[in-house]
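# Secondary and tertiary structure notes
One-letter residues, chain by chain:
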Amino acid sequence: MTALSVLDLSPIVEGGTASQSLANSLDLARHAERLGYKRYWLAEHHNMPGIASAATAVVIGHVAAGTKTIRVGAGGIMLPNHAPLVIAEQFGTLAALFPGRIDLGLGRAPGTDMLTSRALRRNLDAGVDNFPQDVVELMGYFQPAAEGQRLRAVPGEGQDVPVWILGSSLYGAQLAALLGLPYAFASHFAPAELDNALSVYRSRFQPSEHLDKPYVMLGLNVVAAPTDAEARFLFTSLQQAFVNLRSGRPGKLPAPVEGYGRDLDANARAMLGHALAQAVVGSPETVRRGVEAFIARTGADELMVTAQVFDHAARVRSFEILADVHKEMAAAA
């Protein structure tokens, strides 16, 4: 049965604070653990007024310390922003604190605009073209240190930190296949290349010490509520946030509004139709049909579910409904 996991952007809502957002993330993680979700990932974004997980490793520590069994990780760390040794030390430390529970997903996008990317100042002469070498270097720091090795990640060396490649195009699929690593595709906001990326990854996969066969996790927006109408209403927060972001006006997560979308121009409607094409929104029965169809079409091994919902209680309820649907699907299977 396809596993379920959670992707959390730790949304800061209009009228809310980062402190509230981070407290909500921990609360949602505890619910996810109780409900049987497999892992809980947080994403690195910078200079985003509506996202509180910029210091991703710090937030992972916060969530892992407040939970007991669920895997916690990064979906992902944007490696061009960082020296591989620093990330190896951060996640080696997390693995030392929470053995067997830490995942490291790596992406090659900056997770921000170019002005902010320059302000991060990892290396002004390097960029995404160094991503494959940086991934290999980072993975090397998790290997047991060789005798006489001068450069070591402490903590880090010898730690069990599974590495994933994230992507929204064919590039990540090719790299994950070449290195024999699990692959996570961002179909929750960039679904255009989903089918091609799956084909490339599965057809070119080379077994490795990390993985003997392809393993795919797909991002999916799921907003569930007792009725279709309520779910569609809650979903308008994400729709507004996307339009604001793509219009150069990023902000906090807006409150839902009735009838959003009716007066949008054609470009905005087309953008939403493209970016959120794979979203599953509705009542338990609607969600079951949508999730089943998505799994049947893609053959996903795991779904990384995200839900940008303004009201925290409604967000928790959405994940509860999905968990119940998943159990019904498993029983039927």
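Before going into details, it helps to say that this report is about the structure given with it. The shown structure was predicted, so the numbers you read here are calculated from the model rather than taken from an experiment.

## A look at the overall build of the protein
What the protein contains, in helices and strands, is 11 helices and nine strands. Compactness check: the protein gives a C-alpha radius of gyration of 19 Å against a globular reference of 20 Å for 333 residues, within 12% of the reference. By its C-alpha atoms, the protein is 65 × 45 × 40 Å across when sized along the principal axes. For the protein, buried positions account for 52% of its 333 residues. In the protein, once contacts between residues fewer than 6 apart in sequence are set aside, the share between residues at least 24 apart is 74%. When the accessible surface of the protein is totalled, it reaches about 14700 Å², and 53% of it is carbon and sulfur. Of note, the protein has its 28 positive side-chain charges centred 1 Å away from the centre of its 32 negative side-chain charges.

## Considerations on the packing of helix 1 (residues 18-35) against helix 11 (residues 312-332)
One can describe the packing of helix 1 onto helix 11 by two numbers: an axis separation of 10 Å at closest approach and a directional angle of 15°. Judged by the angle between their axes, helix 1 and helix 11 are roughly parallel. Classified by chirality, the crossing of helix 11 by helix 1 is right-handed. Along the contact surface, helix 1 presents Asn24, Asp27, Leu28, His31, Arg34 and Leu35, while helix 11 presents His312, Arg315, Val316, Phe319, Glu320, Ala323 and Lys327.

## Here we look at the pairing of strand 5 (residues 163-167)
Burial of strand 5 is extensive: five of the five residues sit out of reach of the surface. Of the two faces of strand 5, both are covered, the one formed by Val163, Ile165 and Gly167 as well as the one formed by Trp164 and Leu166. Bridge count between strand 4 (residues 102-107) and strand 5: three bridges; the pairing is parallel. Paired with Leu106 across the strands is Ile165, a residue of strand 5. Of the pairings in the sheet, the one linking strand 5 to strand 6 (residues 183-185) comprises three bridges and is parallel in character. Considered in strand 6, the bridge of Leu166 is made with Ala184. In this view, the connection linking strand 5 to its parallel neighbour strand 6 by way of helix 6 (residues 170-179) has right-handed handedness.

Criteria and cut-off values
- Each chain carries its own residue numbering, running from 1 in the direction its sequence is written.
- Only residues with pLDDT of at least 70 get local features here, since the model is predicted, and only at 80 or more are side-chain atom pairs given and counted; chain-wide, interface and lining totals rely on the full set of residues.
- Water and hydrogen atoms were dropped before computing side-chain values, which therefore reflect all heavy atoms in the structure.
- Secondary structure elements are taken from DSSP: a helix is a run of H or I of four residues or more, a strand is a run of E of two residues or more, and numbering for both begins at the N terminus.
- As a reference, a globule follows 2.2 Å times the number of residues to the power 0.38, and the radius of gyration itself is taken over C-alpha atoms.
- Residue exposure (1.4 Å probe, protein chains only): buried if accessible area is under 20% of the type maximum, exposed if over 50%, otherwise partly exposed.
- Any two residues whose heavy atoms approach within 4.5 Å at even a single point are treated as in contact.
- Areas reported as accessible are Shrake-Rupley estimates using a 1.4 Å probe. Residue values count occlusion only from the protein chains shown.
- Within this scheme the basic residues Lys and Arg register as positive and the acidic residues Asp and Glu register as negative, but His and the chain ends are omitted.
- Charge positions are represented by NZ for Lys, CZ for Arg, CG for Asp and CD for Glu.
- Structural elements are reduced to axes, namely lines fitted to C-alpha atoms, with helices fitted over the stretch in contact, and the angle between N-to-C directions of any two is expressed from 0 to 180 degrees.
- Angles below 35 degrees are treated as roughly parallel, those above 145 as roughly antiparallel, those between 65 and 115 as roughly perpendicular, and all remaining angles as oblique.
- It is the rotation of the near helix from the far one that decides the hand of a crossing: anticlockwise by less than a right angle makes it left-handed, clockwise makes it right-handed.
- A pair of strands counts as paired when DSSP detects no fewer than two bridges linking them.
- Seen with its strands pointing away from the viewer, a crossover is right-handed when the path leading from the first strand over the helix to the second is clockwise.

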